[in-house]
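Below, each chain spelled out in residue letters.
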Amino acid sequence: MSTSRFLSACRREPVDTTPVWFMRQAGRYMAEYRALRERYSLLEICRQPDLATEVTLQPVRRIDVDAAIIFSDLLLPLEPMGLPFDFIKGEGPQLERPIGSAEDIDRLRDFDPRESLAHVLDAIRQVQRELAGRVPLIGFAGAPFTLASYAIEGGHSNNFAKTKSLMYGQPEAWHRLCERLSSVVADYLGAQIDAGVDAVQLFDSWVGTLGADDYREFALPHTQRIFSQIAGRVPTIHFGTGTSTILRDMREAGGDVIGADWRIPIDDAWTQIGTDRAIQSNLDPTLLLGPVGRMLRHADDILARAGSRPGHIFNLGHGILPSTPVEHVQLLAQHVHSASRRMR
Ligand code: CP3
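Structure report, in brief. (Residues numbered from 1 in each chain as written. Predicted model: local features only at pLDDT ≥ 70, side-chain atom pairs only at ≥ 80, totals over all residues. Heavy atoms only, no water.)

1. Brief notes about the site of the ligand
- Of all residues adjacent to the ligand, which total 22 residues, the nearest are R24, R28, R37, S205 and H318.
- Backbone polar atom of R24 to an oxygen atom of the ligand: 2.6 Å apart, as the coordinates give it.
- One of the backbone N or O atoms of Q25 is found 3.2 Å from an oxygen atom in the ligand.
- Burial of the ligand by the protein amounts to 89% of the accessible area it has alone, namely 870 Å².
- Secondary-structure elements contributing two or more residues to the shell around the ligand are α2 (31–39) and β3 (92–95).
- In terms of residue class, the shell around the ligand is built from 13 nonpolar, five polar and four charged. (Near = heavy atom within 4 Å. Polar contact = N/O pair within 3.5 Å; in protein donor to acceptor, adjacent residues only side chain to side chain. Areas by Shrake-Rupley, 256 points an atom, 1.4 Å probe, with all protein chains shown as cover. Helix = DSSP H or I, 4+ residues; strand = E, 2+ residues; numbered from the N terminus. Nonpolar A, V, L, I, M, F, W, Y, C, P; charged D, E, K, R; others polar.)

Following this line, the structure appears as structure tokens:
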């Protein structure tokens with residue numbers, strides 16, 4: 001695996017061509033995923049290692065990606081903590097009893113991921129056997145802010161009103177919740193690394209809703225604890241959206257690679273992140289809907305701005321949308337490889 005261009009780029013070593021993978025590269029835009037979803041729910045796929053393995057490998061077979069990401073969901077650790085949920089068609093995740101008070105936080109349970117999430121670890125081992133070194137495998141988990149927002153809102157939110165009310169109104173309870181989450185997540189990522197993932201990504205998808213001062217007060221210390229606990233084992237990626245104003249703070253929180261979205265040009269983002277870190281970014285996923293000329297021009301612009309400096313991993317600013325034509329994803333991956341090879 002030491003020859004993987006994805007892992008080399010994480011370490012800012014020179015590569016033959018820019019590595020590429022896509023958030024949500026497994027999912028509804030693929031016919032073979034939709035076919036499986038007719039027979040199994042999302043949680044069934046996540047809980048059965050054979051199915052999770054199959055879905056993890058679907059994009060690797062069809063698209064010229066340089067990494068696989070284990071098929072799972074960010075919310076899985078919530079259930080063994082005492083926060084059961086389900087996915088409601090057309091609406092997304094829904095928790096049965098979201099956190100509403102400090103007492104709810106004190107009732108949360110600690111758990112051993114090697115028992116309660118053993119199916120994820122089994123899927124990691126199975127994927128690694130089947131990949132046999134073809135491309136590296138990325139593990140992942142949610143960052144405390146993003147996980148806390150689901151635990152408190154009970155599902156997706158546009159304004160995070162309940163989350164911020166608890167954060168501002170009961171800061172001690174907030175920090176207690178995030179301490180529990182950071183210890184669970186650090187342990188869970190450690191278990192994924194033990195099971196054999198080659199890199200991990202921490203998703204703080206919604207942290208861009210915080211101003212910089214609030215990020216430093218309410219999110220940074222908890223995220224930082226996770227990165228310091230897993231430091232030095234495998235490359236780590238720290239991702240969020242809407243983070244143009246907090247990239248320096250995210251860098252301080254940790255990650256060998258910092259993710260950025262399309263709201264900021266990659267060269268500006270890299271200046272903020274610092275050139276002693278790698279960057280993963282940052283095409284707007286909507287551009288993959290077409291027209292392809294525009295998609296490819298934007299991809300070229302990103303590659304030109306990243307320049308010849310080692311340490312760029314090409315990805316989208318957020319996940320692939322379900323209505324994306326699979327041919328566009330195939331074309332984009334091939335284009336990134338051929339165009340960046342020519343630029344070297
Ligand atoms: O990237 C990959 O290919 C790996 C798979 C993956 C899933 N969820 C599977 C999934 C990953 C990395 C996640 C992470 C995740 N889950 C995040 C962070 C990433 C991000 O998008 O910011 C979040 C916020 C969640 C929580 C979650 N799971 C939501 C809000 C939803 C509903 C949204 C939607 O698109 O319907 C999910 C469902 C989910 N998780 C799907 C997939 C492929 C949708 C598929 C389905 O219903 O069949």
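2. Quick word on the packing of aromatic side chains
- The full count for this structure, using the stated rule, is seven aromatic pairs.
- Between the aromatic rings of F85 and F87, the centroid separation amounts to 5.6 Å while the plane-to-plane angle is 85°, which identifies the pairing as edge-to-face.
- According to the relative accessible area criterion, F85 is buried, its value standing at 5%.
- A relative accessible area of 23% means that F87 is categorised as partly exposed.
- A centroid spacing of 5.9 Å and a plane angle of 55° characterise the contact between F145 and W174, whose relative ring orientation is tilted. (Phe/Tyr/Trp six-rings, centres within 6.5 Å; stacked < 30°, edge-to-face > 60°. Buried < 20%, exposed > 50% of the residue type's maximum accessible area, 1.4 Å probe, protein only.)

3. Digging into the environment of T324
- Topologically, T324 is positioned in the loop between β9 (312–316) and α15 (326–343).
- Taking the C-alpha atoms as reference points, T324 and F160, 164 residues apart in sequence, are found 28 Å from one another.
- Once residues lying within four places of it in the same chain are set aside, the contact partners of T324 are Y29, L288, L289 and V329. (Contact = heavy atoms within 4.5 Å.)

4. A look at the pattern of salt bridges
- By the definition in use, this model includes 22 salt bridges.
- Note that R47 is salt-bridged to E79, the shortest N-O span being 2.7 Å. In this pair, R47 sits in helix α3 (residues 42–47) while E79 sits in the loop between β1 (68–69) and β2 (85–88), placing the two residues 32 residues apart along the sequence.
- Accessibility expressed as a relative area gives 37% for R47, which makes it partly exposed.
- A salt bridge links D194 to R114, with the nearest nitrogen and oxygen atoms 3.1 Å apart. (Salt bridge = Lys/Arg side-chain N within 4 Å of Asp/Glu carboxyl O.)

5. Looking at the nonpolar core
- Of all hydrophobic cores here, the largest spans 126 residues; its most connected members are F6, F22 and L332.
- Apart from residues lying up to four places away in sequence, F6 is in contact with P19, W21, D66, A67, P136, I138, A199, I237 and I313. (Core = buried A, V, L, I, M, F, W, Y, C linked by side-chain atoms within 4.5 Å.)

6. Description of the pairing of β2
- Looking at chain direction, β2 and β3 are connected through four bridges and run antiparallel. Following the sheet pairing, D86 is matched in β3 by Q94.
- Taking the residues between adjacent antiparallel strands as the criterion, β2 and β3 are bridged by three residues, where G90 takes a positive phi near 80°. (Pairing = 2+ DSSP bridges.)

7. As for the pairing of β9
- Among the five residues of β9, five are classified as buried, and the element is accordingly described as predominantly covered.
- The two faces of β9 match: H312, F314 and L316 on one face and I313 and N315 on the other face are all buried.
- Direction of pairing for strand β8 (residues 278–283) relative to β9: parallel, over a ladder of five bridges. Of the residues in β9, the one forming a bridge with Q280 is I313.
- For the segment spanning β8, helix α14 (residues 292–306) and β9, crossover handedness is right-handed. (Right-handed = clockwise from strand over helix to strand, strands pointing away.)

8. A few points about the sheet that holds strand β6 (residues 236–240)
- Across the sheet, seven strands lie side by side as β1-β4-β5-β6-β7-β8-β9; this open sheet has parallel pairing. Edge positions in the open sheet fall to β1 and β9, since each of these has one partner strand only.
- Both strand β5 (residues 199–204) and β6 contribute to a ladder of five bridges, which runs parallel. Paired with D204 across the strands is G240, a residue of β6.
- Most of the contacts of helix α10 (residues 171–195) go to strand β4 (residues 137–142), to which it runs at about 170°, and overall it touches β4 and β5. (Axes fitted to C-alpha atoms, helices over the stretch in contact; angles between N-to-C directions.)

9. Observations regarding α15
- Helix length check: α15 (18 residues) gives 26 Å between terminal C-alpha atoms against 26 Å at 1.5 Å per residue, within 8%.
- Among the residues making up α15, those that are buried are V326, H328, V329, L332, A333, H335, V336, H337, A339 and S340.
- Of the surrounding elements, those touching the buried residues of α15 are α1 (5–10), α4 (49–62), β8, α14 and β9. (Expected span 1.5 Å × (residues − 1).)

10. Brief notes about a positive patch on the surface
- Judged by side-chain charge, R24, R28, R37 and K89 come together as a positively charged surface patch.
- By the element assignment, R24 lies in the loop between α1 and α2.
- A relative accessible area of 54% places R24 in the exposed class. (Patch = residues over 30% accessible without salt bridge, like charges linked within 9 Å, V, L, I, M, F, W, Y side chains within 5 Å. Lys, Arg positive; Asp, Glu negative; His and termini not counted. Charge placed at Lys NZ, Arg CZ, Asp CG, Glu CD.)

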